[in-house]
Amino acid sequence: MSMIAAFYGGKSILITGATGFLGKVLIEKLCRTSPDLKVIYILVRPKAGHTLQQRVSQIINTKLFEKVREVCPNLHEKIRAISADLNQNDFAISKEDMQELLSCTNIIFHCAATVRFDDHLRHAVQLNVTATQQLLFMASQMPKLEAFIHISTAFSNCNLKHIDEVIYPCSVEPKKIIDSMEWWDDAIVDEIAPKLMGDWPNTYTYTKALGEMVVQQESGNLNIAIIRPSIVGATWQEPFPGWVDNLNGPNGMIVAAGRGFLRAIRASPLAVADLIPVDTVINLTLAVGWYTAVHRPKSTLIYHCTSGNLNPCNWGKMGCQVLSTFEKIPFEKAFRRPHADFTANTITVHYWNAVSHRAPAMIYDIYLWLTGRKPRMTKLMNRLLRTISMLEYFINRSWEWSTYNTEMLMSELSPEDQRIFNFDVRQLNWLEYIENYVLGVKKYLLKEDMAGIPEAKQHLRRSFPVYYAP
Ligand SMILES: CCCCCCCCCCCCCCCCCCCCCC(=O)SCCNC(=O)CCNC(=O)[C@H](O)C(C)(C)COP(=O)(O)OP(=O)(O)OC[C@H]1O[C@@H](n2cnc3c(N)ncnc32)[C@H](O)[C@@H]1OP(=O)(O)O
Ligand SMILES: NC(=O)C1=CN([C@@H]2O[C@H](COP(=O)(O)OP(=O)(O)OC[C@H]3O[C@@H](n4cnc5c(N)ncnc54)[C@H](OP(=O)(O)O)[C@@H]3O)[C@@H](O)[C@H]2O)C=CC1
């Protein structure tokens with residue numbers, strides 16, 4: 001009998017960010033392994049044209065939930081969507097809902113965040129810092145609460161090279177920043193942001209670091225743990241390999257490379273590509289929830305969910321495997337034949353951007369204009385190059401994350417839990433994982449039919465002469 005699965009039986013669980021990438025996989029695994037859990041409260045903000053129930057149905061009627069729908073036929077009843085906006089006071093939760101949450105919640109998984117690198121500092125502070133503070137305040141009023149699990153990022157201290165499982169202080173107290181945001185206008189925030197952020201590369205990583213400090217400072221008597229995943233990728237094993245549903249991180253790059261838009265990138269081929277599958281992150285998260293509630297460690301434990309020190313892979317190897325998968329399973333309607341150059345040289349990058357990215361886009365736009373259609377490729381290319389410029393920081397450096405707490409937790413699990421909630425990334429075969437990842441991007445993100453592969457290959461053969469162009 002799995003101790004972790006049994007632990008979640010009969011529990012009332014509150015999840016923020018449940019409609020996001022990690023949140024969906026978390027709900028799926030919880031309901032599949034503990035179908036006897038009492039209820040999962042999810043804080044969902046209303047979105048234009050969709051009721052809360054429609055948003056829930058959209059999630060649980062997808063392929064990701066196919067298996068769990070069999071194990072847990074009353075899935076709809078297990079998930080209770082609560083209307084909430086984490087940017088509002090008291091999250092704009094109704095009095096009745098708040099009362100229910102405060103009196104019933106046993107475990108909190110706090111996943112919600114803005115993961116945009118370039119979000120305005122005010123908005124990033126609001127969601128990644130102030131909302132975390134408010135949620136901790138709510139948690140402190142929950143008599144039945146057993147554990148509060150905060151999802152951070154391994155890059156919250158990306159200004160350091162070696163990162164331990166501890167909280168590093170930021171130069172300005174988060175409380176001071178939260179207070180200042182109330183009276184600083186946007187012009188002042190814009191002016192002061194670079195000074196506050198110091199050597200953090202973007203508002204996302206900086207505000208996630210502030211969020212961790214808030215967790216530490218406001219933890220009171222709560223049982224808290226922090227999980228720091230690195231770059232979260234498609235599922236490795238569960239509920240099936242290769243599932244992914246957004247364009248963040250490597251996903252957008254795989255799409256852009258597979259469609260032949262992106263053919264060169266400023267990246268160090270030998271830098272560690274610290275990817276971690278989303279199901280591995282969720283297995284660790286559920287194990288941490290159990291351990292924190294049952295063993296009640298004396299201090300807040302931080303768990304690094306990274307692959308680099310246990311099973312390293314580098315960007316060069318990853319890029320080669322992505323390309324060789326495109327040979328077998330090409331994407332449809334490719335603009336050009338996929339090709340990849342990794343270079344650390346800035347001048348070479350400028351050359352490739354001009355010759356291999358901007359020029360073909362302009363030529364294609366002229367062709368569209370001449371044939372009476374709306375030119376769009378230059379705009380798309382500019383957006384892609386802007387996105388890449390934001391990711392470059394992460395693909396030209398390597399970090400070392402210690403994983404003592406994560407390894408300690410692995411040794412605390414029974415053999416059955418080690419199997420069901422596997423987060424031992426040493427068992428991951430990168431070549432197989434990346435092949436399934438690319439296949440998953442094609443099937444679940446681009447929604448391309450596998451029956452179209454012969455036609456996609458034919459299309460690439462037709463564009464063969466273009467292959468020789470730079
Ligand atoms: C040489 C070839 C290579 C070959 C092989 C390839 C090998 C693979 C390896 C390659 C290296 C991988 C490196 C990974 C490093 C990750 C490090 C993460 C570290 C931290 C991890 C974390 O802890 S946390 C999660 C990460 N957090 C994000 O990763 C958010 C980023 N993101 C944004 O910060 C915003 O996105 C940003 C960019 C401002 C744009 O902002 P923006 O305003 O210009 O654009 P929007 O986002 O509003 O999107 C407007 C429309 O563009 C569409 N779109 C958006 N991205 C798109 C895209 N990449 N490709 C196509 N389409 C895209 C979108 O779907 C919208 O489409 P529509 O308009 O139709 O709805
Ligand atoms: N993906 C990655 O590579 C990594 C992620 N992480 C961390 O994991 C966590 C989850 O990330 P991920 O799933 O990728 O992120 P997503 O962007 O996919 O999901 C973000 C979630 O937060 C919700 N949210 C955003 N704003 C609000 C709001 N104002 N009120 C209520 N809910 C809101 C979103 O809801 P809605 O659907 O309404 O937009 C969505 O459910 C984050 O804390 C992130 O920092 C850490 C390392 C890497």
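On a predicted model such as this, the values are computed, not experimentally measured, just so you know.

1. Quick notes on the overall build of the chain
Then comes step 1: Within the chain, the regular secondary structure consists of 20 helices and 13 strands.
Then comes step 2: Against the 2.2 N^0.38 benchmark of 23 Å for 470 residues, the chain shows a C-alpha radius of gyration of 23 Å, consistent with a compact globule.
Then comes step 3: Taken along the three principal axes of its C-alpha coordinates, the chain extends 70 × 55 × 45 Å.
Then comes step 4: The buried share of the chain, taken over its 470 residues, is 57%.
Then comes step 5: Total accessible area computed for the chain in this model is approximately 20700 Å², and 55% of it derives from carbon and sulfur atoms.

2. Concerning the site of ligand 1
Then comes step 1: Residues in close proximity to ligand 1 total 29 residues, the closest being Arg116, Phe117, Thr153, Tyr204 and Gly249.
Then comes step 2: Within the contact set of ligand 1, a nitrogen atom lies 3.1 Å away from a backbone nitrogen or oxygen of Val115.
Then comes step 3: Contact between ligand 1 and Tyr204: an oxygen atom at 2.8 Å from a side-chain N or O atom of the residue.
Then comes step 4: Look at ligand 1: alone it shows 1500 Å² of surface, and the protein chains cover 77% of it.
Then comes step 5: Every element with two or more residues in the shell around ligand 1 is listed here: α11 (250-258), β9 (264-266), α13 (315-328) and α15 (377-395).

3. Some words on the pattern of salt bridges
Then comes step 1: Evaluated as defined, the whole model comprises 19 salt bridges.
Then comes step 2: A salt bridge links Glu100 to Arg80, with the nearest nitrogen and oxygen atoms 2.7 Å apart. Of the two residues, Glu100 sits in helix α6 (residues 95-104) while Arg80 sits in strand β3 (residues 79-83), which places them 20 residues apart along the sequence.
Then comes step 3: Arg386 is the partner of Asp118 in a salt bridge, and the nearest nitrogen-oxygen pair spans 3.2 Å. With a gap of 268 residues between them, Asp118 in the loop between β4 (107-110) and α7 (121-140) and Arg386 in helix α15 connect regions that are remote in the sequence.
Then comes step 4: Several salt bridges share partner residues, and in doing so they unite Glu28, Lys29, Arg32 and Glu238 into one network.

4. Topic: helix α2 (residues 21-33)
Every α-helix carries 3.6 residues per turn, so stepping three or four residues along brings you back to the same face.
Then comes step 1: With 13 residues, α2 should reach 18 Å at 1.5 Å per residue; the first-to-last C-alpha distance of 19 Å fits that figure.
Then comes step 2: Burial analysis of α2 places 13 of its 13 residues in the buried class, which makes it a mostly covered element.

5. Remarks on a nonpolar patch on the surface
Then comes step 1: On the surface, Ile366, Trp369 and Leu370 cluster together to form a nonpolar patch covering roughly 390 Å² of accessible area.
Then comes step 2: Relative to the elements of secondary structure, Leu370 occurs in helix α14 (residues 346-370).

6. Focus on the site of ligand 2
Then comes step 1: Lining the immediate surroundings of ligand 2 are 25 residues, of which Thr19, Arg45, Arg55, Tyr204 and Lys208 lie closest.
Then comes step 2: Residue Gly20 places a main-chain N or O atom 3.0 Å away from an oxygen atom belonging to ligand 2.
Then comes step 3: Leu86 is positioned such that a nitrogen or oxygen atom in its backbone is 2.9 Å from a nitrogen atom of ligand 2.
Then comes step 4: Isolated, ligand 2 exposes 900 Å² of accessible area, and the fraction of that covered by the protein chains is 89%.
Then comes step 5: Those elements giving two or more residues to the shell around ligand 2 turn out to be α2 and α10 (203-217).
Then comes step 6: Broken down by class, the residue content of the shell around ligand 2 amounts to 13 nonpolar, seven polar and five charged.

7. Quick notes on the nonpolar core
Generally speaking, soluble globular proteins have nonpolar side chains that are buried together.
Then comes step 1: In this structure, Ile15, Leu30, Ile42, Phe109 and Leu409 are the most contacted members of the largest nonpolar core, which totals 156 residues.
Then comes step 2: Broken down by element, the residue count for this core peaks at 10 residues, all from helix α12 (residues 278-295).
Then comes step 3: Beyond its immediate sequence surroundings of up to four residues, Phe109 is in contact with Tyr8, Ile13, Leu14, Ile15, Thr16, Leu26, Leu30, Ile149, Thr285 and Leu286.

8. Some points on the UniProt feature "domain: Fatty acyl-CoA reductase C-terminal" (unreviewed entry) in the chain
Then comes step 1: In the numbering used here, UniProt assigns the "domain: Fatty acyl-CoA reductase C-terminal" (unreviewed entry) feature to residues 357-448.
Then comes step 2: The span residues 357-448 shows a helical share of 70% and a strand share of 2%, and its end C-alpha atoms are spaced 25 Å apart.

9. Focus: the UniProt feature "domain: Thioester reductase (TE)" (unreviewed entry) in the chain
Then comes step 1: Using the residue numbers shown here, the UniProt feature "domain: Thioester reductase (TE)" (unreviewed entry) corresponds to residues 15-284.
Then comes step 2: End-to-end, the C-alpha atoms of residues 15-284 are 16 Å apart, and along that stretch the chain is 43% helix and 14% strand.

10. Looking at the pairing of strand β1 (residues 12-16)
Then comes step 1: Taking burial as the measure, the five residues of β1 include five buried ones, the bulk of the element.
Then comes step 2: Along β1, one buried face is formed by Ser12, Leu14 and Thr16 and the opposite face, lined by Ile13 and Ile15, is buried too.
Then comes step 3: For the crossover from β1 across α2 to strand β2 (residues 39-44), the handedness is right-handed.

11. Considerations on α14
Then comes step 1: The terminal C-alpha atoms of α14 lie 34 Å apart, and with 25 residues this matches the ideal 36 Å at 1.5 Å per residue to within 8%.
Then comes step 2: Three or more residues of α14 are buried, namely Val349, Trp352, Asn353, Ser356, His357, Pro360, Ala361, Asp365 and Leu368.
Then comes step 3: A distance of 2.8 Å separates the backbone nitrogen of Ile347 from a side-chain oxygen at the start of α14, and that oxygen is part of Asn345.

12. Focus: the sheet that holds strand β7 (residues 224-229)
Then comes step 1: Taken in spatial order, the seven strands of this open sheet run β3-β2-β1-β4-β5-β7-β11, and their pairing is parallel. Across the chains shown, the open sheet's two edge strands, defined by having one partner strand only, are β3 and β11 (301-305). The sheet shows a mean angle of 20° between the axes of neighbouring strands, taken without regard to direction.
Then comes step 2: Of the pairings in the sheet, the one linking β1 to β2 comprises five bridges and is parallel in character. By the bridge assignment, Ile13 is partnered in β2 with Ile40.
Then comes step 3: Against the sheet, α12 contacts β4, β5 (147-151), β7 and β11, and its axis sits at roughly 150° relative to β5.

Rules and cut-offs
Residues numbered from 1 in each chain as written. Chains lettered and ligands numbered in written order. Predicted model: local features only at pLDDT ≥ 70, side-chain atom pairs only at ≥ 80, totals over all residues. Heavy atoms only, no water. Helix = DSSP H or I, 4+ residues; strand = E, 2+ residues; numbered from the N terminus. Rg over C-alpha atoms; globule rule 2.2 N^0.38 Å. Buried < 20%, exposed > 50% of the residue type's maximum accessible area, 1.4 Å probe, protein only. Areas by Shrake-Rupley, 256 points an atom, 1.4 Å probe, with all protein chains shown as cover. Near = heavy atom within 4 Å. Polar contact = N/O pair within 3.5 Å; in protein donor to acceptor, adjacent residues only side chain to side chain. Salt bridge = Lys/Arg side-chain N within 4 Å of Asp/Glu carboxyl O. Expected span 1.5 Å × (residues − 1). Patch = residues over 30% accessible without salt bridge, like charges linked within 9 Å, V, L, I, M, F, W, Y side chains within 5 Å. Nonpolar A, V, L, I, M, F, W, Y, C, P; charged D, E, K, R; others polar. Core = buried A, V, L, I, M, F, W, Y, C linked by side-chain atoms within 4.5 Å. Contact = heavy atoms within 4.5 Å. UniProt positions renumbered as here; feature names shortened; annotations may be inferred. Right-handed = clockwise from strand over helix to strand, strands pointing away. Pairing = 2+ DSSP bridges. Axes fitted to C-alpha atoms, helices over the stretch in contact; angles between N-to-C directions.

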